[in-house]
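The primary structure of each chain is shown beneath.
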Amino acid sequence: MTSTLIVGAGSAGCVLAARLSADPGRSVRVFEAGPAFPTMGELPVELLDPSHLPVGPESRLIWRYQANLVRGRLIGGSGAINGSYFVRPPAADFAAWRAVAGPRWSFDAVVPVFCDLEDDEDFGKEPGHGVGGPIPISRTSDPTGFSAEFAQRCTAAGFAAIPDLNTPTGDTDAGFGRVPLAISRDRRAGPAITHLLPALHRTDLTVTGDTMVTRLLLRGTRAIGVEWARGRERGTAYADEVVLCAGAIESAALLIRSGIGPEPLLRSLGVPIVVPAPVGAWCTDHPEIGVEFPAGDPGEPAVPLEYVLEIDDLEVRPYTPMFTPGLRRVGVALMRPESAGELTLVSTDPTVPARIDQRYLRSEKDRARLRAGVALTADLYGRRIGPVDDRWLHANLGTSQHLSGTCRMGPAHDERAVVDENGRVHGIEALTVADLSIVPVPLRRGPQATTVMLAAAIADHMVV
Ligand SMILES: Cc1cc2nc3c(=O)[nH]c(=O)nc-3n(C[C@H](O)[C@H](O)[C@H](O)COP(=O)(O)OP(=O)(O)OC[C@H]3O[C@@H](n4cnc5c(N)ncnc54)[C@H](O)[C@@H]3O)c2cc1C
């Protein structure tokens, strides 16, 4: 029988599968809802191009939810289609995480895991950085005209340049810097490429694509396997333990469909209650306002984000692509919003998308911060924008695609917690969640680096 069954070969799932399958005597089986291209040569070529985000209306490699929320649906998951921005959160985020979930997630505890994952072309040999790890990190040395102009405008406005956003102390003041990117020789280096594909030769690792896990199989309060669907085919698979790596939306949806969730929701769906749990009751994202300016030449294709400006809880993002012809977009994202969202299901049918009520901008403080960010961006570019009232904010609001926290980590007595500090679901044996859904605090940076770090840390704990 399979030792460990992993649901989802996304950012976290690829790392888990690679690390666990290196453990002698452990057999690992992975089910991925999207295609599992078995070699680099079979990956669609556009996936290797970091200037291309395959998330348009024609894309068959994504899950779609309301309000333009998308996730990757293929090996590598969202990490295979994302902006390649690979940056560690600041030490303050880990202090908050530690306060909720204990010293395992302190800044000092996680830095060695980040270092072990990285092969940083620019800072790798310096203390607090990594060299020789599986994930190549580099920063642009030849920025596009729009990015270079952004950096000049930041300097002219008095902001300091931050040479290394992944600074080993974990503390950076307000300033702008080059984005660390998971890119090697102009090719996207997502988690399938850095972790899963190099491990596929192992006989104890099996990855099955185009197969959606629809429900967990439980014996009492022990996970014993999963039910799956592949086209019209249906089946079951059993394992000693199950690890959910289906992402912040689908891991939560799977738990709820399997009877692990808020009691009123389970009752309304007619799902027998196995363990009441606050699954989906809290989630967070980085709401983003798109400030657009008329501009002429779109310039050469480039990675979407080469520089960012950070001011406390705001991140200003000068995007290199023209999302609307003739208009340049600068994103203003709120990185520690007070307002939190909620995920629920409207049906037990696994093909019906979960409903995510983001509840952005419910707090006056969040609205005020975003207004300040828009004003700062207008000043930076010498433009007049507005009036930036609540209606304007809502009209220009979108997601950064960074949803997290639906299966929040914390001790068993914490009524908001779904999993413990190792991702194990409270009240259920042999069931772990190891993806972005378990992060219990808003992160001040993009979540990709944190996702792979937490997957690596949980895998290492499972192997010991
Ligand atoms: C368009 C876009 C751009 C982004 N850009 C950046 C960026 O530049 N920097 C950054 O830091 N973050 C970025 N993010 C966010 C980041 O990519 C994600 O937060 C991160 O990849 C989440 O990892 P995960 O392992 O939790 O989930 P995912 O990587 O989404 O993996 C989940 C996997 O599980 C599979 N799955 C789901 N349900 C099932 C099921 N029932 N059965 C079987 N398989 C299932 C999915 O198909 C998927 O492969 C971006 C996200 C998107 C969508």
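Small disclaimer: the values here were computed from a predicted structure and weren't measured.

Here is what the cut-offs are and how they apply
- Note on numbering: residues in each chain are counted from 1, in written sequence order.
- With the structure being a predicted model, the display of local features is reserved for residues of pLDDT at least 70 and the display and counting of side-chain atom pairs for 80 or more, all residues being used for whole-chain, interface and lining totals.
- Hydrogens and waters are ignored; side-chain quantities use all the structure's heavy atoms.
- Only DSSP runs of H or I covering at least 4 residues are called helices, and only runs of E covering at least 2 are called strands; the numbering of each starts at the N terminus.
- Working rule for helices: expected span equals 1.5 Å times residues minus one.
- Between buried and exposed lies partly exposed: a residue is buried under 20% and exposed over 50% of the maximum accessible area for its type, with that area taken using a 1.4 Å probe on protein chains only.
- Nearness here has a simple test: a residue counts as near a molecule or strand if at least one of its heavy atoms is within 4 Å of that partner.
- N or O atoms within 3.5 Å of each other form a polar contact, as long as, within protein, one can give a hydrogen and the other can take it, and as long as residues adjacent in sequence are counted only when both atoms are side-chain atoms.
- Accessibility throughout is a Shrake-Rupley quantity obtained with a 1.4 Å probe, and a residue counts as covered only by protein chains that appear here.
- Each residue is assigned to one of three groups, with Ala, Val, Leu, Ile, Met, Phe, Trp, Tyr, Cys and Pro labelled nonpolar, Asp, Glu, Lys and Arg labelled charged, and all others, Gly among them, labelled polar.
- Here a strand pair is declared whenever DSSP counts at least two bridges between the two strands.
- In what follows, residue pairs with any heavy atoms lying within 4.5 Å of each other are defined as contacts.
- For helices, the axis comes from a line fit to the C-alpha atoms of the stretch in contact; other axes are also lines fit to C-alpha atoms, and the angle between any two N-to-C directions lies between 0 and 180 degrees.
- Ring pairs are drawn from Phe, Tyr and Trp, using the six-membered ring of Trp, whenever the two centres fall within 6.5 Å, and their geometry is named by plane angle: stacked under 30 degrees, edge-to-face over 60, tilted for the rest.
- By convention a nonpolar core is built from buried Ala, Val, Leu, Ile, Met, Phe, Trp, Tyr and Cys residues, the set being connected through side-chain atoms within 4.5 Å.
- For the domains described, the bounds stem from an automatic or database domain assignment.
- Using only the protein atoms, space was sampled on a 1 Å grid; points where a 1.4 Å probe fits but cannot get out form cavities, open sets with protein on both sides within 12 Å along at least five of seven lines form pockets, and lining residues are those with an atom within 4 Å of a point.
- Grid points are joined across faces, edges and corners, and a volume is the space filled by probe spheres set on the points.

Caption draft 1: Expanded view of helix 11 (residues 448-463). When the terminal C-alpha atoms of helix 11 are compared, their 23 Å separation across 16 residues agrees well with the 22 Å that a helix rising 1.5 Å per residue should span. Burial analysis of helix 11 places 13 of its 16 residues in the buried class, which makes it a mostly covered element.

Caption draft 2: The arrangement of the site of the ligand in detail. Taken together, 37 residues form the shell around the ligand, and within it Ser11, Glu32, Ser78, Tyr85 and Gln448 come nearest. Ala33 places a polar main-chain atom, nitrogen or oxygen, 3.0 Å from a nitrogen atom of the ligand. Within the side chain of Asn82, an N or O atom sits 3.0 Å from an oxygen atom of the ligand. Against a free-state accessible area of 1,000 Å², the protein chains account for coverage of 97% of the ligand. Looking at the shell around the ligand residue by residue, the classes come out as 16 nonpolar, 17 polar and four charged.

Caption draft 3: Region of interest: the sheet that holds strand 23 (residues 397-399). If you walk across this open sheet you meet the seven strands as 7-8-18-19-20-17-23, and the pairing is mixed. Looking at strand neighbours, the two that pair on one side only are strand 7 (160-161) and strand 23, the edges of this open sheet. Here helix 5 (residues 145-156) sits on the sheet in contact with strand 8 (175-178), strand 18 (307-311), strand 19 (314-318) and strand 20 (327-334), set at roughly 30° to strand 18. This element, helix 9 (residues 364-380), spans strand 17 (287-294), strand 18, strand 19 and strand 20 of the sheet and lies at about 145° to strand 20.

Caption draft 4: Just the packing of aromatic side chains, in detail. Counted by the stated rule, this structure contains nine aromatic pairs. Look at Phe176 and Tyr307: their rings are 6.3 Å apart centre to centre, the planes differ by 40°, and that puts the pair in the tilted class. In this pair, Phe176 is assigned in strand 8 and Tyr307 in strand 18, connecting sequence segments 131 residues apart. Tyr307 shares its class with Phe176; the two are buried. On the numbers, 4.8 Å between centres and 40° between planes, the contact of Phe293 with Tyr381 is tilted.

Caption draft 5: A look at the nonpolar core. Core analysis: the largest hydrophobic core is formed by 108 residues, its most contacted members being Leu16, Trp97, Trp105, Leu255 and Leu431. If you tally residues by element for this core, the top one is helix 11, at ten residues. For this core, the two domains that each supply at least three residues are domain 1 (2-87 + 191-281 + 404-463) and domain 2 (138-187 + 284-399). Setting aside chain neighbours within four positions, we find Trp105 in contact with Phe94, Trp97, Arg98, Val110, Met409, Glu421, Met453, Leu454, Ala457 and Ile458. Of all hydrophobic cores here, the second largest spans 26 residues; its members include Phe176, Tyr307, Val330 and Leu361.

Caption draft 6: Representation of empty space enclosed by the protein within the structure. Scanning the model with the defined rule gives five cavities of 30 Å³ or more in all. Empty space within the largest cavity amounts to approximately 100 Å³. Elements that contribute at least two residues to the lining of the largest cavity include exactly helix 6 (191-199) and helix 11. Among the elements that line the lining of the largest cavity, the one with the most residues is helix 6, at three residues. In this structure, the second largest cavity spans a volume of roughly 80 Å³. If you go around the second largest cavity, the residues you meet are Leu43, Leu47, Leu48, Leu74, Ile75, Ala80, Arg188, Gly190, Ala192 and Ile193. When residues of the lining of the second largest cavity are traced back to their parent elements, those giving at least two are helix 2 (45-48) and helix 6.

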